[in-house]
Amino acid sequence: MNNTLAILNLDHNNRSIRDIHITQKQFKFKCKRNATLCCKLGGPVLTQEDINKIKLAGYSTDIFLEPLKTNAENLLGRLKTRPDGSCIFLNYDKTQNQNNCRIYNSRPSLCRLYPFTFEILDTDHIALKLIPCCLGLNNPEGKILDEQFVIKNLLEPLFDAIKLRQTNAI
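Each chain carries its own residue numbering, running from 1 in the direction its sequence is written. The model is predicted, so local features are restricted to residues of pLDDT at least 70 and side-chain atom pairs to those at 80 or more, both for listing and for counting; the totals for chains, interfaces and linings are taken over all residues. Where side-chain values are given, they derive from all heavy atoms of the structure, hydrogens and water being excluded.

Student: Describe in detail the pattern of salt bridges, supporting the description with residues and values.
Tutor: Salt bridges are counted wherever a side-chain nitrogen of Lys or Arg sits within 4 Å of a carboxyl oxygen of Asp or Glu. Overall, the coordinates contain 7 salt bridges when judged by the stated rule. Residue Arg-15 is joined to Asp-160 by a salt bridge in which the shortest nitrogen-to-oxygen separation is 2.9 Å. With Arg-15 in the loop between β1 (4-11) and β2 (16-22) and Asp-160 in helix α4 (residues 147-166), the pair connects residues that are 145 residues apart, well separated along the chain. Only protein chains enter the area calculation, which uses a 1.4 Å probe; residues under 20% of their type maximum are buried, those over 50% are exposed, and those in between are partly exposed. Under the relative-accessibility criterion, Asp-160 is labelled buried at 8%. Between Lys-53 and Glu-156 there is a salt bridge, and its shortest N-O distance comes to 3.2 Å. Residue Lys-53 is found in helix α1 (residues 48-56), and its partner Glu-156 is found in helix α4; the two are separated by 103 residues along the sequence. Taking relative accessible area as the criterion, Glu-156 reaches 42% and is therefore assigned partly exposed. Members of the salt-bridge network, linked through shared partners, are Arg-15, Lys-53, Arg-112, Glu-156 and Asp-160. For helices the rule is a DSSP run of H or I covering at least 4 residues; for strands it is a run of E covering at least 2, with both sets numbered from the N terminus onward.

Put into structure tokens, the structure is as follows:
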């Protein structure tokens, strides 16, 4: 399966989409919130906005922030992980026999974007792609990936991830 889902023409100044061409019309996604892989890949780089959201959720930076060796503009560190590479906010719920994220509603931009990623095609165009290892991909209970899905779920973390890529943090 081609992992390109859409081509987006972005307006960086307004953080909006000028145009979108969906290449896989019936593709569906629903986060299963089981953290099978996404929360075990090492800690993502955090922006100041990410840090602020986690702090608002009640956590101090000494608990979750691992400083970067180089301090790029607007980047202070990455999310701490356990020795096995799993996120420090990942918990195993024995009653439901599954993993869950303690900060799901406040999770960092790169966590909100996963399992989607992107390829910069030129200044204004990106290819929205998927990382094909998530159980929520093409889930029959999922929502169809259309312009509204992208705007509601992916646009903000996508712009944050583009910014991170431009600073060579990811």
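Now that the structure has been shown, we can carry on.
Student: Give a description of α1 that names residues and reports values.
Tutor: Three or more residues of α1 are buried, namely Asp-50, Ile-51 and Ile-54. One face of α1 carries all of its buried residues, which in axial projection span an arc of 100 degrees. At the C-terminal side of α1, Gly-58 shows a positive phi close to 105 degrees. The arc under discussion is defined with respect to the helix axis, by the directions toward the C-beta atoms.

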